[in-house]
2 protein chains.
Amino acid sequence: MARKSGSHADITGPKVREAALKLFARDGYAAVSMRKIAAEVGVQAGALYLYTPDKQTLLFDLMKSHMEELLSAWAEADRGGTPPERLEAFARFHIAYHLDRPDNIFIAYMELRNLEPDNFAEIEALRRRYEQGLVEILEAGNDSGDFDVPDPKLAAMAAISMLNGVTTWFRDEGPLSREMVETIYWDMLRKSVAA
Amino acid sequence: MARKSGSHADITGPKVREAALKLFARDGYAAVSMRKIAAEVGVQAGALYLYTPDKQTLLFDLMKSHMEELLSAWAEADRGGTPPERLEAFARFHIAYHLDRPDNIFIAYMELRNLEPDNFAEIEALRRRYEQGLVEILEAGNDSGDFDVPDPKLAAMAAISMLNGVTTWFRDEGPLSREMVETIYWDMLRKSVAA
């Protein structure tokens, strides 16, 4: 079915999402009302309900589309190869992707507690699917003899925590380039799982 | 000077801090009013002002005492020894200490954004002092030839991020004991900095 370009939802949708992401990251979900989001977008609160039924749905949609976009971006970036090659690709991809989306990663951790149970279960399943991609690389490396990782699931969580940490301190105007930071983190990760 | 035991501040202080910690961690600083904290403690909002001048001071005091207690607990736990021995002590200490204080670590990261500039600078200085303790262990290990860490400051941040991650998923009722988790993380950290 052809999509009506320029329709109300087409125009408002991205603005609503952008405003909600910004306000949730700045003030926290509990402190942000639909009214505040509407004010940030520059519409009446009523107009917001044409786009989303409630604030919970907005939070859930933001987190869900973040995870889905992350999964498809990694599927695109994963070029196969040996387990160490794939692990390097994962480390560089994960850092680069999240450095461009600090608000998304902040919300992905901070606002899990504010998801209703069904929504939480769905986001958690997507998060595990992403993590599982890394688990499989570690398992393949155990099998090939490149890695020695006694608990691949736990190691995957530890690795992702370490890589996520970059977003809390990295600034493009700082002394280190993204490339240098990626390389240093990749080097630590490589050694941490080495046989 | 003898302290009046059972005075108002003696009794209310810890309850206020406990209530504020719980509510900030659950709802976020911006969504928690002094009135809500008072209700959680079971006093009138006016009584809260006998204990603290405002919500910002309460947040700052919580974060400051968390960092000061962390620094003195690590000073106590650090028994010296070779760089690898001290690094192992640090890894096990950091995990054990934070697993007992998930709300504190959550707030320490999440609410930095809500500190006023002077307060932020003071908390940031304490955080850096803690991080610097790890930097010095890594530098000592570079000197002794035990470690090969090209950028000790960056490696310290990466290591702390990795260790912090435990608090997001570990549950005492889960299949892994604290001891096993500490050992697996320590093993990854050990390898990640090894010469």
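Refer to the structure printed above.
Only a predicted model underlies this, so the values are computations on that prediction, with no experimental measurement involved. (Residues numbered from 1 in each chain as written. Chains lettered and ligands numbered in written order. Predicted model: local features only at pLDDT ≥ 70, side-chain atom pairs only at ≥ 80, totals over all residues. Heavy atoms only, no water.)

K.L.:
Got a minute to help me understand helix H10 (residues 178-193) of chain A in this structure?
P.N.:
Because an α-helix packs 3.6 residues into every turn, residues spaced three or four apart end up facing the same way. Given a rise of 1.5 Å per residue, 16 residues ought to cover 22 Å, and the 23 Å separating the end C-alpha atoms of H10 of chain A matches this to within 8%. Looking only at H10 of chain A, the buried set comprises Val181, Glu182, Ile184, Tyr185, Trp186, Met188, Leu189, Lys191, Ser192 and Val193 of chain A. Lining the buried residues of H10 of chain A we find helix H5 (83-99), helix H7 (117-144), helix H8 (152-164) and helix H9 (166-169) of chain A together with helix H8 (152-164) and helix H10 (178-193) of chain B. (Helix = DSSP H or I, 4+ residues; strand = E, 2+ residues; numbered from the N terminus. Expected span 1.5 Å × (residues − 1). Buried < 20%, exposed > 50% of the residue type's maximum accessible area, 1.4 Å probe, protein only. Contact = heavy atoms within 4.5 Å.)

K.L.:
Teacher, can you tell me more about the relation of the copies chain A and chain B here?
P.N.:
Applying a rotation about an axis and a shift along it to one chain copy brings it onto the other copy. For the pair chain A and chain B, the best superposition has an RMSD of 0.0 Å and corresponds to a rotation of 180 degrees with a translation of 0.0 Å parallel to the axis. The two molecules are tied by a two-fold rotation axis, judged by turn and shift. Of the residues that chain A buries at the interface, 100% are likewise interface residues in chain B, meaning the two copies contact each other through the same surface. (Least-squares fit on C-alpha atoms with pLDDT ≥ 70 in both.)

K.L.:
What's the story with the interface of chain A and chain B in this structure? I'm lost.
P.N.:
Interface size is often expressed as the accessible area that is lost when the parts come together. Contact with chain A, which involves 30 residues of that partner, is made by 30 residues of chain B. Here chain A and chain B share an interface that buries about 2,600 Å² over both sides, 68% of which is from carbon and sulfur atoms. Here chain A is connected to chain B by zero salt bridges. Scanning the region where chain A abuts chain B turns up eight residue pairs in polar contact (both at pLDDT 80 or more). At the level of elements, helix H1 (8-27), helix H6 (102-110), H8 and H10 of chain A are the ones that each hand at least two residues to the side of chain A that touches chain B. No other element matches the seven residues that H10 of chain A contributes to the side of chain A that touches chain B. For the side of chain A that touches chain B, the residue count by class is 19 nonpolar, five polar and six charged. (Buried area = accessible area lost by both parts, 1.4 Å probe. Salt bridge = Lys/Arg side-chain N within 4 Å of Asp/Glu carboxyl O. Polar contact = N/O pair within 3.5 Å; in protein donor to acceptor, adjacent residues only side chain to side chain. Nonpolar A, V, L, I, M, F, W, Y, C, P; charged D, E, K, R; others polar.)

In short, shape yes, function no, at least from these values alone.
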